[in-house]
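This is what each chain is made of:
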Amino acid sequence: MRRIAGELTIRTVNLRELMFRIKICGVRFKNDVDAVEQSGADAIGLNFFPPSIRYVDPAAPATYELAAAANSAGLLRVGVFVNTSVDQMTTIADTVGLDVIQLHGDETVSIAQALLAEGRRIIRAIKLPRRAMSVNEIESIAGPWSAIGIHLLLDADAGSAHGGSGKTLHWASIARWAEQAGPDRWTLAGGLKPENIAEAVRTSHASSIDTASGVECPKGVKNEGRIFAFASNSGLSPQRDHA
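Summary of the structure given here. Numbering of residues starts from 1 in each chain and follows the order in which that chain's sequence is written. In view of the model being predicted, local features appear only for residues whose pLDDT reaches at least 70, and side-chain atom pairs are presented and counted only at 80 or more, with totals across whole chains, interfaces and linings using the full set of residues. Only heavy atoms go into the side-chain values, all of them from the structure, while hydrogens and water stay out.

Brief notes about the nonpolar core
Phase 1 of the analysis: Membership of the largest hydrophobic core comes to 58 residues, with the highest contact counts inside it found for Ile-24, Leu-46, Trp-177, Trp-186 and Ile-209.
Phase 2 of the analysis: Helix numbering and strand numbering both begin at the N terminus, where a helix is a DSSP run of H or I of at least 4 residues and a strand a DSSP run of E of at least 2. If one sorts the elements of this core by residue count, helix 3 (residues 86–97) sits on top with five residues.
Phase 3 of the analysis: Contacts are residue-level and defined by heavy atoms, with any inter-residue pair within 4.5 Å sufficient. Leave out the neighbours within four places in its chain, and Ile-209 touches Phe-20, Arg-21, Ile-22, Lys-23, Thr-187, Leu-188, Leu-192, Ile-197, Val-201, Phe-230, Ser-234 and Leu-236.
Phase 4 of the analysis: Nonpolar cores are built from buried Ala, Val, Leu, Ile, Met, Phe, Trp, Tyr and Cys residues. Side-chain atoms within 4.5 Å join them into one set. Note on exposure labels: buried denotes an accessible area under 20% of the residue type's maximum, exposed denotes more than 50%, and partly exposed covers the range between, all computed with a 1.4 Å probe on protein chains only. If you look at the next biggest cluster of nonpolar residues, it comprises ten residues, including Leu-76, Val-78, Leu-153 and Ala-189.

Focus: helix 6 (residues 171–180)
Phase 1 of the analysis: The complete set of buried residues in helix 6 reads Trp-171, Ser-173, Ile-174, Ala-175, Trp-177 and Ala-178.
Phase 2 of the analysis: As for helix 6, its buried residues are in contact with strand 7 (122–128), helix 5 (135–146), strand 8 (151–156), strand 9 (186–188) and helix 7 (197–204).

As for the packing of helix 6 against helix 7
Phase 1 of the analysis: Convention adopted: a line fitted to C-alpha atoms gives each axis, helices being fitted over their contacting stretch, and angles between N-to-C directions are expressed from 0 to 180 degrees. For the pair helix 6 and helix 7, interaxial distance at closest approach is 7 Å and the crossing angle is 35°. Residues Trp-171, Ala-172, Ile-174 and Ala-175 of helix 6 lie in contact with helix 7, whose contacting residues are Glu-199, Ala-200, Thr-203 and Ser-204.
Phase 2 of the analysis: In this count, Pro and Cys sit with the nonpolar residues alongside Ala, Val, Leu, Ile, Met, Phe, Trp and Tyr, while Asp, Glu, Lys and Arg are called charged and the others, Gly among them, polar. A per-class count over the contact of helix 6 with helix 7 returns five nonpolar, two polar and one charged.

Let's talk about the packing of aromatic side chains
Phase 1 of the analysis: When two rings of Phe, Tyr or Trp (its six-membered ring) have centres within 6.5 Å they constitute a pair, described as stacked for plane angles under 30 degrees, edge-to-face for angles over 60, and tilted for the intermediate range. On inspection of all chains with the given rule, the structure shows two aromatic pairs.
Phase 2 of the analysis: Between Phe-48 and Phe-81 the ring centres are 5.2 Å apart and the planes differ by 25°, which places this aromatic pair in the stacked class. Note that Phe-48 is positioned in the loop between strand 4 (43–47) and helix 2 (61–72) and Phe-81 in strand 5 (residues 76–81), a separation of 33 residues in sequence.
Phase 3 of the analysis: Assessed through its relative accessible area of 5%, Phe-48 is described here as buried.
Phase 4 of the analysis: Accessibility expressed as a relative area gives 0% for Phe-81, which makes it buried.
Phase 5 of the analysis: Above the plane of the ring of Trp-145 lies Arg-124, whose end atom (NZ or CZ) is 4.4 Å from the centre. Whether a charge sits over a ring depends on NZ of Lys or CZ of Arg being within 6 Å of the ring centre and within 35 degrees of the ring normal.

So, the pattern of salt bridges
Once their charged atoms are close, side chains differing in charge can pair, the charge on each being opposite to the other.
Phase 1 of the analysis: Take a side-chain nitrogen of Lys or Arg and a carboxyl oxygen of Asp or Glu: if they are within 4 Å of each other, that pair is a salt bridge. In the structure shown here, the tally under the stated rule is nine salt bridges.
Phase 2 of the analysis: For Lys-23, the salt bridge identified is with Asp-210, shortest N-O distance 2.4 Å. A residue pair is termed long-range when its members are at least 10 positions apart, and Lys-23 in strand 3 (residues 22–25) and Asp-210 in strand 10 (residues 209–211) qualify at 187 residues. This pair shows no difference in class: Lys-23 is buried, exactly as Asp-210 is.
Phase 3 of the analysis: The partner of Asp-94 in a salt bridge is Arg-120, with the nearest N and O atoms 2.9 Å apart. In this pair, Asp-94 sits in helix 3 while Arg-120 sits in the loop between helix 4 (109–117) and strand 7, placing the two residues 26 residues apart along the sequence.

As structure tokens, then:
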């Protein structure tokens, strides 16, 4: 981010430094992975929160095979965890074969720091209300996490469901925060779907996006056509180098 004439802030983003451009979260089957790859998206999310309709068992051979298929396809593999211990997360990450750990519960900054100390790549879900928010309001929630250098994923607060609500954020508020206070790299989530993703990207200025329920029909079942439409309508050209 650089400031011109003390007033106008212009954000420049090195696209090669982005963790991913388009993540399809909550995949459960090999054909989901195939659809993600063919759509041009560049990351998948595997959900390890047992109450979720998108849960996959980390001990099941099928989950390892799913992650292996994603790796072969050049997709970033993100594991989504909710209030799981550091030891459990690292064990699952190593057993399944994850590239990134996503904290989507009530985890503290110290949990993220412990994972960082072990050399793990971390995404932190920042849960925000759907209403318009000031830059300071958003930064008061996101700031402690961006201060330790982890990737932020902005999502609508879904309460005890911890995501997947299909509810959107106030995109104009997000854009103001990103321009004035946000880190260079962050991801927009929350109710994104083929029907609204172009407007969401245009309004929020997001360069990285995430969806789960938005590409499902029925709920919990990924739909190939909706995955393709989501990636295409976003206007984001994905990258495949996650080194």
